[in-house]
Amino acid sequence: MERVWRWLGRPAELCNLLRFRLAAASTPTGKDPLRASLRACYQHLNQTSRSFAAVIQALDGELRHAVCIFYLVLRALDTIEDDMTISLETKVPMLHEFHSYLYQPEWRYTESKEKDKQVLEDFPTISLEFRNLAEVYQDVITDICRKMGVGMAEYLEKKVNSVQDLDKYCHYVAGLVGIGLSRLFSASELEDPIVGQDTELANSMGLFLQKTNIIRDYLQDQLEGREFWPREVWSRYAKKLSDFAKPENADVAVQCLNELITNALHHVPDVLKYLSRLKNQSVFNFCAIPQAMAIATLAACYNNKQVFRGVVKIRKGQAVTVMMDATNVQAVKAIIYQYVEEIYQKIPSTDPSSNKTQQIIATVRTMSLPSSTIVSRNHFSPIYLSCAMLLAALSWQYLSAMSKASEEYIQAGEN
């Protein structure tokens, strides 16, 4: 019951969560008109990424299919990279040549032990639908897949030592995704050519998301034997990156954390410039929601020792509210302004990065300062709020069971 009263203290979040679940429950599931191979691709999409599946399938027109196939191709490539049972002698050539498998109708890989091995085992279906795409989409996907494979191979044994290494690694695994998506947006003609041509802004979109994931996932990566925090930064605070998980090192661990969050915040101005160029609503939602979730995640992680003890999560209702509000650039600016202010209020005066954090927040403020009072789209009368709170108090168990989908959005930056 205590959890219920916590919700009652945040009625707007509660109402948004209720609306989100009702909308999800009312989604029509009519007869699927897709051909069997394309239908199989969407099944793979839903099984490997239920959170991204929703936003991909909300895209307009043929762009939806192009992005679906792009996602599955990169998921297959990523599965090869992640599979520790594949020897380097086998893996490196596979990563280099993976883009060529798109034009080999029978190529598949059946020896993976990874959880998403299905995209490798049924790769002939994915590659078939890739070849059914317009040539302009094929060219983008092939080019990005080739560049990403080369980058992944480079970092199989190379460590992230410097901040420059971090940027380069994030470029390979996320910046290229942002660049590829931007080129697909422009190729579809739903967005202007400049969106696909400005690779610097598109790269920043990917880097902001990936750096947020790397910051948030410190403990998980440590447990799995991976290290992505740059030695150049953490070595100023500890002898080993793993030392941050020790309680006696909590203070220096948080200082290192704050420095990396400050580094990630430098991408926010590029994010705002990029989003301001988008015209199509489905593309805007697709791009804006992850970015808004990322800034909320960084605000939750900033100066937070829990990053080194477990998983820092955004409240379900908070996440749904962000998703529902991030539908236009002014609303996203307001969201970003809210969370950088939250970070600003938590900056310790003794933190080594405090001046740099304040400087980047000042820059973001000038770009995201609301020009006028933004009225929330989610306004409810007192009577409606009372009914909603009563409903929550009487049926909390049902609400908990029905809210799993929103939690997937919280946790997906997406991996």
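None of the values given here were measured: they were computed from a predicted structure. (Residues numbered from 1 in each chain as written. Predicted model: local features only at pLDDT ≥ 70, side-chain atom pairs only at ≥ 80, totals over all residues. Heavy atoms only, no water.)

Side note on helix α5 (residues 63-82)
When the terminal C-alpha atoms of α5 are compared, their 28 Å separation across 20 residues agrees well with the 28 Å that a helix rising 1.5 Å per residue should span. Among the 20 residues that make up α5, 17 are buried, leaving the element largely enclosed by the rest of the structure. (Helix = DSSP H or I, 4+ residues; strand = E, 2+ residues; numbered from the N terminus. Expected span 1.5 Å × (residues − 1). Buried < 20%, exposed > 50% of the residue type's maximum accessible area, 1.4 Å probe, protein only.)

As for the pattern of salt bridges
Close approach of charged atoms lets side chains of opposite charge pair. Under the definition given, this model contains 20 salt bridges. R226 is the partner of D221 in a salt bridge, and the nearest nitrogen-oxygen pair spans 3.0 Å. The exposure class assigned to R226 is partly exposed, which follows from its relative accessible area of 32%. The salt bridge involving K246 is made with D243; its shortest N-O contact spans 3.3 Å. On the basis of relative accessibility, which here comes to 10%, the residue D243 falls in the buried class. Three or more residues joined by partner-sharing salt bridges are found here, namely R75, D78, K115 and D116. (Salt bridge = Lys/Arg side-chain N within 4 Å of Asp/Glu carboxyl O.)

Observations regarding the nonpolar core
Counting residues in hydrophobic clusters, the biggest one holds 123 residues, and the most contacted among them are F98, W229, F244, Y274 and L275. Broken down by element, this core gets its largest block of residues, 14 residues, from helix α17 (residues 281-301). Among all residues touching Y274, those that are not within four sequence positions of it are S182, F185, V195, L201, A202, M205 and C287. (Core = buried A, V, L, I, M, F, W, Y, C linked by side-chain atoms within 4.5 Å. Contact = heavy atoms within 4.5 Å.)

Quick word on the packing of aromatic side chains
In total, this model carries 16 aromatic pairs according to the counting rule given. Geometrically, the ring pair formed by F98 and F123 is edge-to-face, given 5.3 Å between the ring centres and 65° between the ring planes. One end of the pair, F98, is in helix α6 (residues 88-101); the other, F123, is in helix α8 (residues 123-132), with 25 residues separating them in the sequence. There is no split in this pair, since F98 and F123 are both buried. Cluster of aromatic residues (ring-pair linked, three or more members): F98, Y101, W107 and F123. Cation over ring: R365 sits above Y344, and NZ or CZ is 4.3 Å from the ring centre. (Phe/Tyr/Trp six-rings, centres within 6.5 Å; stacked < 30°, edge-to-face > 60°. Lys NZ or Arg CZ within 6 Å of the ring centre and 35° of its normal.)

Describing unusual backbone geometry
Despite not being glycine, E189 has its phi angle at roughly 70°, a positive value. With respect to the secondary-structure elements, E189 resides in the loop between α10 (163-187) and α11 (193-197). Under the relative-accessibility criterion, E189 is labelled exposed at 70%. Here the phi dihedral of N303 falls at roughly 55°; this positive angle occurs in a residue that is not glycine. Following the sequence through the fold, N303 ends up in the loop between α17 and α18 (316-325).

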